[in-house]
Amino acid sequence: MIALDRLRPHTGAKKSKKRVGRGDGSGHGKTACRGEKGQRARTGGSISPGFEGGQMPLYRQLPKRGFKNPFKKIYGVLNIKDLEAFPDGSVIDIESAKKSGLMGKRFDLLKILSEGDIHKAIIVKAHAASSAAIKKIEAAGGRVELLSDNEVRL
């Protein structure tokens, strides 16, 4: 039986670290495996990734593409079938949609689309809604209040 205090790794499984710059007798003395002269022989002589010897690097040769609009309005979209989860007579706005988990936190504005059917009279406060969605909500006895983009902006 093997005792736990006698366990050892297999021979050749553990390799000792190369100790450089510890004298000529070690075989890795004097220049410490760095060669004679040059940039790589010196301290701090590493070359940054992407450096191409003074040639214009590839990341600077390629053209910049596109434009990121910092003022872009990101709409969170809810379909009418998603609104069926709310109780009858409830008010649905961007905060209630985020709390219910139907819409993510990163969205600034709320838009209602007409996929699905609704059978409850609910009040929807949204920044945008399709005309078909408004008709379906009003046909069920509810109403849609359209907010401006500046209202309820988080």
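Residues numbered from 1 in each chain as written. Predicted model: local features only at pLDDT ≥ 70, side-chain atom pairs only at ≥ 80, totals over all residues. Heavy atoms only, no water.

## A closer look at the nonpolar core
1) Next: Residues Leu-83, Leu-110, Ile-112, Val-124 and Ile-137 are the most contacted members of the largest nonpolar core, which totals 19 residues.
2) Next: When residues of this core are traced back to their parent elements, those giving at least two are helix H2 (80-83), helix H3 (94-100), strand S3 (109-113), strand S4 (123-126) and helix H4 (131-139).
3) Next: Looking at which element gives the most residues to this core, the answer is H4, with three residues.
4) Next: If we ignore the near neighbours within four places in the chain, the residues touching Ile-137 are Ile-80, Leu-83, Ile-112, Ile-118, Ile-122, Val-124, Gly-142, Arg-143 and Val-144. (Core = buried A, V, L, I, M, F, W, Y, C linked by side-chain atoms within 4.5 Å. Buried < 20%, exposed > 50% of the residue type's maximum accessible area, 1.4 Å probe, protein only. Helix = DSSP H or I, 4+ residues; strand = E, 2+ residues; numbered from the N terminus. Contact = heavy atoms within 4.5 Å.)

## Here we look at the environment of Ile-2
1) Next: The topology assignment puts Ile-2 in the segment before helix H1 (58-61).
2) Next: A residue is classified by how much of its surface remains accessible, and Ile-2, at 65% relative accessible area, is exposed.
3) Next: Sequence-wise, Ile-2 and Asp-117 are 115 residues apart; in three dimensions their C-alpha atoms are separated by 71 Å.

## A few points about the pattern of salt bridges
1) Next: One pass over the full model with this rule turns up four salt bridges.
2) Next: The partner of Glu-36 in a salt bridge is Lys-30, and the shortest N-O contact between them spans 3.6 Å. Each member of the pair Glu-36 and Lys-30 is classed as exposed.
3) Next: Across the pair Lys-81 and Glu-115 runs a salt bridge whose closest N-O atoms are separated by 2.7 Å. Highlighted residues: Lys-81 in helix H2 and Glu-115 in the loop between S3 and S4, separated in sequence by 34 residues.
4) Next: With a relative accessible area of 44%, Lys-81 lands in the partly exposed category.
5) Next: You can call Glu-115 partly exposed: its relative accessible area is 45%. (Salt bridge = Lys/Arg side-chain N within 4 Å of Asp/Glu carboxyl O.)

By themselves these figures say nothing about function.
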